[in-house]
Amino acid sequence: MPIRTASARWQGNLPEGSGTIRTGKGGLEGNYSFKSRFEEGEGTNPEELIGAAHAGCFSMAFSKALADAGTTPTSVETTAKVHLDKTEAGFTVTRIELETVGVVPGIDEARFAELAETAKQNCPISRLLSPAATITLTTRLTS
C-alpha cells in the first residue's frame, strides 16, 4: 500500500500567524489561521480536514458494504461534524457526528442502517479516531 502524505506551513505566532495545508499530490490545498480554527474566519482547519477524511472513508466503506450485500448504491453522501472542545488535557476532538444519506434501490431502512453501522466499525478512519472520540451515526435512505 502506498504511504500518503500531507504538509503544512505556519508563519508567525499563533494568534496572528497563518499557514497553508496541502495534500501530497496537491488535490487539496487551503489557507488556515487562528480565526479559521477557533473562530469563524475564512479558510480551513485541521478539524475540517479530519472530517473530510472521515466522511470520504466512511462513504467508500459503506458503498462497499452495500454492494457486498447485493444492493449497489446510486449514491452515498456523508457529512462529518467534528467537535473540538477544551478539556482538562487541552483542546481535543471529543466527538464526530456522521450523517449519511443514501440512494440505494432494493433495500429497506433497517438494513440500510445496519450496514451503515458495520461500515462505521470497519472504516479505517473510524478505527483511528474512535479510541479518543465518540463517533455517532445517523442514516437516511432516500429515493
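Residues numbered from 1 in each chain as written. Predicted model: local features only at pLDDT ≥ 70, side-chain atom pairs only at ≥ 80, totals over all residues. Heavy atoms only, no water.

**A closer look at the overall build of the chain**
Next up, step 1: Secondary structure summary: the chain contains four helices and six strands in total.
Next up, step 2: Projecting the C-alpha coordinates of the chain onto the three principal axes gives extents of approximately 55 × 35 × 30 Å.
Next up, step 3: With an accessible surface of roughly 9000 Å², the chain has 53% of that area assigned to carbon and sulfur atoms.
Next up, step 4: Across the chain, the centroid of the 14 positively charged side chains sits 7 Å from that of the 17 negatively charged ones. (Helix = DSSP H or I, 4+ residues; strand = E, 2+ residues; numbered from the N terminus. Areas by Shrake-Rupley, 256 points an atom, 1.4 Å probe, with all protein chains shown as cover. Lys, Arg positive; Asp, Glu negative; His and termini not counted. Charge placed at Lys NZ, Arg CZ, Asp CG, Glu CD.)

**Describing the packing of aromatic side chains**
Next up, step 1: The full count for this structure, using the stated rule, is five aromatic pairs.
Next up, step 2: Seen in terms of ring centroids, Phe34 and Phe38 are 5.0 Å apart; in terms of plane orientation they differ by 40°. Their pairing is tilted. You can see Phe34 and its partner Phe38 sitting in helix 1 (residues 34–38), four residues apart, about one turn around the helix.
Next up, step 3: Aromatic pair Phe38 and Phe91: ring centres 5.1 Å apart, planes at 50°, arrangement tilted. One end of the pair, Phe38, is in helix 1; the other, Phe91, is in strand 5 (residues 90–103), with 53 residues separating them in the sequence.
Next up, step 4: One aromatic cluster is present, formed by Phe34, Phe38 and Phe91 through successive ring pairs. (Phe/Tyr/Trp six-rings, centres within 6.5 Å; stacked < 30°, edge-to-face > 60°.)

**So, the layout of surface pockets**
Next up, step 1: In this structure, the largest pocket encloses a volume near 360 Å³.
Next up, step 2: Surrounding the largest pocket, Met1, Pro2, Ile3, Arg4, Thr5, Ala6, Thr23, Gly24 and Lys25 form its lining.
Next up, step 3: The volume enclosed by the second largest pocket comes to roughly 300 Å³.
Next up, step 4: In this structure, the second largest pocket is lined by 16 residues; those nearest its centre are Ser36, Arg37, Glu39, Asn45 and Val82.
Next up, step 5: Taken together, the elements giving at least two residues each to the lining of the second largest pocket come down to helix 1, helix 2 (46–68) and strand 4 (75–87).
Next up, step 6: Here the lining of the second largest pocket takes four residues from helix 1, the largest share from any one element.
Next up, step 7: Among the residues making up the lining of the second largest pocket, the classes are represented as five nonpolar, five polar and six charged. (1 Å grid on protein atoms, 1.4 Å probe; cavity = no way out; pocket = protein on both sides within 12 Å on 5 of 7 lines; lining within 4 Å. Points joined across faces, edges and corners; volume = space filled by probe spheres on them. Nonpolar A, V, L, I, M, F, W, Y, C, P; charged D, E, K, R; others polar.)

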